[in-house]
Amino acid sequence: MTTVMIIEDEEALGLLLKYNLEKEGYQVIWETSGNKAMSSVEKHCPSVILLDWMLPELSGIEICKMIRNKPDIKDIPIIMLTAKGEEEDKIKGLTAGADDYVTKPFSVPELMARIKTNLRRAPELLPEKEYVFEDIRMDLVERKVFRGNNYIHLGPTEFRLLKMLMETPGKVFSREFLLKNVWGNNIFVESRTVDVHIRRLRKSLNEYGPDYIRTVRATGYAIDNNIQQENE
Ligand code: CA
């Protein structure tokens, strides 16, 4: 799940952001002070940071520079939030290493769009361009799945399910884990739903080759070529 960190001392704005981001399915960590923020960034390594300019203790600019100087967190996209609209301030923010800049007051949809753009740009979130398991190839950039030379059409849920399985072949994922990570925290679905989508996924994939999705009784699913199939 994608984690967004908010570093913002204004309570009303922080709450508004948190509410809207969670509604979009992001996991949110909200810090209100500069000092606390640095250790929290290192601890959680969020996918994107919304960073206020004016903060108590450390300023947003200082935090931005500090993040950019720490090798393990330096690539996290940073969107500066600020009341300052001056061109000069914008340049200062971008020079300090911010990826983007949003001036308050901003509209929530605009900020959401900026977040998505910056997530796409983040190199560490696309460590691989494709997953391959036996003859199944998942193109993560084009979001397409092939088996041999055959294109496999998958619905969005089946695609996310397969992606999760193919990320770690052999690992058994529980239904609960899949529900949480494929459907998201906020949506109420029964664990039986996972079975329904696994069935659809199998149907599409197995048209061109053997069944590599393993059902682990009372537990969940894995993708592997273990010949001791327990599949129904
Ligand atoms: Ca502030």
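Residues numbered from 1 in each chain as written. Predicted model: local features only at pLDDT ≥ 70, side-chain atom pairs only at ≥ 80, totals over all residues. Heavy atoms only, no water.

## With respect to the overall build of the chain
Logical step 1: A tally of helices and strands in the chain yields eight helices and 12 strands.
Logical step 2: Projected onto its principal axes, the C-alpha positions of the chain cover 60 × 35 × 30 Å.
Logical step 3: Within the chain, the fraction of its 232 residues that count as buried is 46%.
Logical step 4: Looking at the chain alone, contacts between residues at least 24 apart form 55% of all its contacts between residues at least 6 apart.
Logical step 5: Looking at the chain as shown, the accessible area adds up to about 12,600 Å², and 50% of this sits on carbon and sulfur atoms.
Logical step 6: A gap of 4 Å separates the mean positions of the 33 positive and 37 negative side-chain charges of the chain. (Helix = DSSP H or I, 4+ residues; strand = E, 2+ residues; numbered from the N terminus. Buried < 20%, exposed > 50% of the residue type's maximum accessible area, 1.4 Å probe, protein only. Contact = heavy atoms within 4.5 Å. Areas by Shrake-Rupley, 256 points an atom, 1.4 Å probe, with all protein chains shown as cover. Lys, Arg positive; Asp, Glu negative; His and termini not counted. Charge placed at Lys NZ, Arg CZ, Asp CG, Glu CD.)

## Examining the coordination of the calcium ion
Logical step 1: The protein atoms donating to the calcium ion are Asp9 (OD), Asp52 (OD) and Met54 (O), with metal-donor distances spanning 2.1 to 2.3 Å.
Logical step 2: One chain supplies every donor for the calcium ion, spaced along it as D-x42-D-x1-M.
Logical step 3: Since its relative accessible area comes to 2%, aspartate 52 is described here as buried.
Logical step 4: Exposure remark for methionine 54: the relative accessible area of 54% places this residue in the exposed category. (Donors = N, O, S within 2.8 Å, 3.2 Å for Na, K, Ca; no water.)

## What about the side chain of aspartate 224?
Logical step 1: You can see aspartate 224 is positioned in the segment after strand 12 (220–223).
Logical step 2: Using a relative accessible area of 9% as the deciding quantity, one classes aspartate 224 as buried.
Logical step 3: Of the polar contacts made by the side chain of aspartate 224, one reaches the side chain of arginine 214; its length is 3.1 Å.
Logical step 4: Excluding its chain neighbours within four sequence positions, the residues that come into contact with aspartate 224 are Phe133, Gly170, Tyr212 and Arg214. (Polar contact = N/O pair within 3.5 Å; in protein donor to acceptor, adjacent residues only side chain to side chain.)

## Some thoughts on the domain arrangement of the chain
Logical step 1: The domain architecture assigned to the chain consists of domain 1 (3–121) and domain 2 (130–223).
Logical step 2: On a C-alpha basis, the centroid separation for the pair domain 1 and domain 2 is 33 Å. (Domains from an automatic or database assignment.)

## Points about helix 3 (residues 60–68)
Logical step 1: All of the buried residues along helix 3 are Gly60, Ile61, Ile63, Cys64, Ile67 and Arg68. In a view along the axis of helix 3, the buried residues occupy a sector of 160°, so they form one face of it.
Logical step 2: In the core, the buried residues of helix 3 are packed alongside strand 1 (3–7), helix 2 (34–44), strand 3 (48–52), strand 4 (78–82) and helix 4 (87–95). (Arc of directions from axis to C-beta.)

## Describing helix 1 (residues 11–23)
Logical step 1: Spanning 13 residues, helix 1 covers 18 Å between terminal C-alpha atoms, matching the ideal 18 Å at 1.5 Å per step.
Logical step 2: One or two steps after helix 1, the chain reaches glycine 25, where phi turns positive at roughly 95°. (Expected span 1.5 Å × (residues − 1).)

## Looking at the nonpolar core
Logical step 1: Among the nonpolar cores identified, the biggest contains 27 residues, and Val145 and Leu162 are the most heavily contacted of them.
Logical step 2: Counting residues per element, the ones that place at least two in this core are strand 6 (130–133), strand 7 (136–139), helix 6 (156–167), helix 7 (175–183), helix 8 (192–205) and strand 12.
Logical step 3: With six residues, the single largest contributor to this core is helix 6.
Logical step 4: Residues in contact with valine 145, not counting those within four places in the same chain, are Ile136, Arg137, Met138, Asn150, Tyr151, Ile152, Leu154, Phe159, Leu162 and Leu205.
Logical step 5: If you look at the next biggest cluster of nonpolar residues, it comprises 22 residues, including Ile7, Ala37, Leu51 and Ala96. (Core = buried A, V, L, I, M, F, W, Y, C linked by side-chain atoms within 4.5 Å.)

## Digging into the sheet that holds strand 8 (residues 144–147)
Logical step 1: In spatial order, the strands read 6-7-8-9; together these four strands make up an open sheet with antiparallel pairing. A strand with exactly one partner marks an edge of an open sheet, and here the two such strands are strand 6 and strand 9 (150–152). On average, adjacent strands in this sheet sit at an angle of 25° to one another, irrespective of strand direction.
Logical step 2: Pairing between strand 7 and strand 8: four bridges, direction antiparallel. Across the sheet, residue aspartate 139 finds its bridge partner in strand 8, namely lysine 144.
Logical step 3: Helix 6 rests against strand 6, strand 7 and strand 8 of the sheet, and its axis sits at about 110° to strand 7. (Pairing = 2+ DSSP bridges. Axes fitted to C-alpha atoms, helices over the stretch in contact; angles between N-to-C directions.)

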